[in-house]
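Here is what each chain is made of, one letter per residue.
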Amino acid sequence: MSDTPTSGRVRRAATLADVGREAGVSAMAASAVLNAPTTSTRISGETRERVLAAAQKLNYRPNQTARGLADRRMNTLGLVGILAGDEPNLYFLEVFNGISQEAASRGQNVTVFNVGSWQDAYHQVRMYCDGRVDGLILLAPIIDAPASEWLPEHAPVVAVHPNYQVPGVPNFRSDDEGGAFLAVSHLLQLGHRRILHVGGPEGSVGADLRLQGYERAFREAGIELPPDHAVRGAYTAAGGSGALEDWLQLHRGKRLPEAIFAASDAIALGCIERLQARGLRVPEDVSIVGFDNTLYARAARLSTMAQPLGKLGRLAVQALLKLIDARRIGGSYTGVEEEVLPTELIDRSTLAGPRRSDLLIA
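Overview of the structure. (Residues numbered from 1 in each chain as written. Predicted model: local features only at pLDDT ≥ 70, side-chain atom pairs only at ≥ 80, totals over all residues. Heavy atoms only, no water.)

## Some words on the pattern of salt bridges
To keep it simple, the criterion reads: Take a side-chain nitrogen of Lys or Arg and a carboxyl oxygen of Asp or Glu: if they are within 4 Å of each other, that pair is a salt bridge.
Enumeration over the complete set of coordinates arrives at 17 salt bridges. Members of the salt-bridge network, linked through shared partners, are E177, R216 and E220.

Structure follows, in structure tokens:
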């Protein structure tokens, strides 16, 4: 008869010993049934049925932490990125959605480690691998320190949109340069010539690649770049609005750009807000195309270069699990070291042909 507490007192969780007593077997036999039900052959079918019935009666739940320690696996993946800020980081959330869906489909949990900045937090990466997680996904890391100073030795790592390729760290990113080239080529095909690029921050390789794609579109079209054609700021609406306003202030009395290629959807929306505050219309006066296709773009009907953000997250999980499995059995990782995914132009409501007359910057 079970000696687990009855009503009137706080019930404690049933243990393997409780299940064994209920079934009339040892705790070791109960463990053989419940912790390895498909591999143990030394337990008879009748005994197995008694143990399973006892576990159900006592509402037995295995201790996942203890099991993880025994198996040297916690079935938990860590995600490191910059989440907090004055604006929602929808890029992070779109990638995280793909990560969480893929992880759940494979019986994995996800723990999020939010960092304030990569410059201050790269040394924390090793600390996160203290037994809580089996491996890490770094989202858009900007880490300039040598890998030997921050790369964990006892847990695998993969990266999404890292600033540079680290040996042994699989990397998944979108084609930043190619996407920018397609966006600006489309603007040129619409007839725009004075196209301003409101780019991402200095020090971001992705922002540099988008600027390079912008410039290549002009070169391959045989069209001269407009003077002072780029300005840079943070990947936020405030960053886009501020960068555009600074540029407009420096160019008062000159021709207003016909179009803007923004390095992110958030930057694009900041530009739209700034133009509208000046009494200008989008796209009648200025066409705008963004980059990402986050919820920002979909809700605002923003034309943009769509990154497969959810797919990037799913691929990162798949690669990390391969690394974890390989390390666990002492094998070799057989997945890709780098995968670059294409982008796609989504033409919504912020693109049009050039305006009929010149406008000067007030």
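Next, the rest of the story.
## Observations regarding the side chain of H192
Here is the rule we go by: Under the DSSP-based scheme used, a helix requires at least four consecutive residues in state H or I and a strand at least two consecutive residues in state E, with every element numbered from the N terminus. Accessibility here uses a 1.4 Å probe with only protein chains present; expressed as a share of the type maximum, an area under 20% marks a residue as buried, one over 50% as exposed, and anything in between as partly exposed. The contact criterion used throughout is that any non-hydrogen atoms of two residues lie within 4.5 Å.
Mapped onto the elements, H192 comes out in the loop between α8 (176-189) and β6 (195-199). Residue H192 is classed as buried on the basis of its relative accessible area, which comes to 0%. Once residues lying within four places of it in the same chain are set aside, the contact partners of H192 are L187, E258, A259, S287, A352, G353 and P354.

## Considerations on the sheet that holds strand β2 (residues 109-114)
Whether parallel or antiparallel, the strands of a sheet pair through hydrogen bonds between backbone atoms. The condition is simple: Two strands pair if DSSP finds at least two bridges between them. Between N-to-C directions, angles span 0 to 180 degrees; the directions come from axes that are lines fitted to C-alpha atoms, helices contributing only their stretch in contact.
With respect to topology, six strands assemble into an open sheet ordered β2-β1-β3-β4-β5-β11, the strand pairing being parallel. Each of the sheet's edge strands pairs with one partner strand only, and the pair in question is β2 and β11 (338-341). If you compare each strand with its neighbour and ignore which way they point, the axes differ by 20° on average. Alignment of strand β3 (residues 135-139) against strand β4 (residues 157-160), held across four bridges, turns out to be parallel. The residue bridging I137 from the neighbouring strand is V158, located in β4. The sheet contacts of helix α13 (residues 309-329) involve β1 (76-81), β3, β4, β5 (171-174) and β11, and relative to β4 the element is tilted by about 165°.

## Side note on helix α3 (residues 45-57)
The line we're drawing: Here the expected length of a helix is defined as 1.5 Å per residue gap, with one fewer gap than residues.
The terminal C-alpha atoms of α3 lie 18 Å apart, and with 13 residues this matches the ideal 18 Å at 1.5 Å per residue to within 8%. N59 sits one or two positions beyond α3 and adopts a positive phi of about 55°.

## A short note on the packing of aromatic side chains
This is how the line gets drawn: Note on ring pairs: Phe, Tyr and Trp rings are taken, using the six-membered ring of Trp, and paired if centres are within 6.5 Å. Classes follow the plane angle, with under 30 degrees stacked, over 60 edge-to-face and the rest tilted.
For the structure shown, the criterion picks out four aromatic pairs. Ring centres of F92 and F96 lie 6.3 Å apart, and the angle between their planes is 25°; this geometry places the pair in the stacked category. In this pair, F92 and F96 are both assigned in helix α5 (residues 90-105), four residues apart and thus about one turn of the helix distant. F92 sits in the buried class, given a relative accessible area of 2%. For the pair Y214 and F218, a centre-to-centre distance of 5.3 Å together with 50° between the ring planes defines the contact as tilted. In this pair, Y214 and F218 are both assigned in helix α9 (residues 205-221), four residues apart and thus about one turn of the helix distant. An identical accessibility class is assigned to Y214 and F218; each is buried.

## Observations regarding the layout of surface pockets
Rule in force here: Using protein atoms alone on a 1 Å grid, points that fit a 1.4 Å probe yet trap it form a cavity, whereas open point sets bounded by protein on both sides within 12 Å along at least five of seven lines form a pocket; residues with an atom within 4 Å of a point count as lining. Grid points are joined across faces, edges and corners, and a volume is the space filled by probe spheres set on the points. Throughout this entry, Asp, Glu, Lys and Arg are counted as charged residues, while Ala, Val, Leu, Ile, Met, Phe, Trp, Tyr, Cys and Pro are counted as nonpolar. The remaining residues, Gly among them, count as polar.
In this structure, the largest pocket spans a volume of roughly 1000 Å³. Forming the boundary of the largest pocket are 44 residues, of which N89, Y91, A140, P201 and Y235 lie nearest the centre. Among the secondary structure elements, those contributing two or more residues to the lining of the largest pocket are α5, α6 (118-121), β5, α9 and α11 (265-277). Considered class by class, the residues forming the lining of the largest pocket number 21 nonpolar, 15 polar and eight charged.

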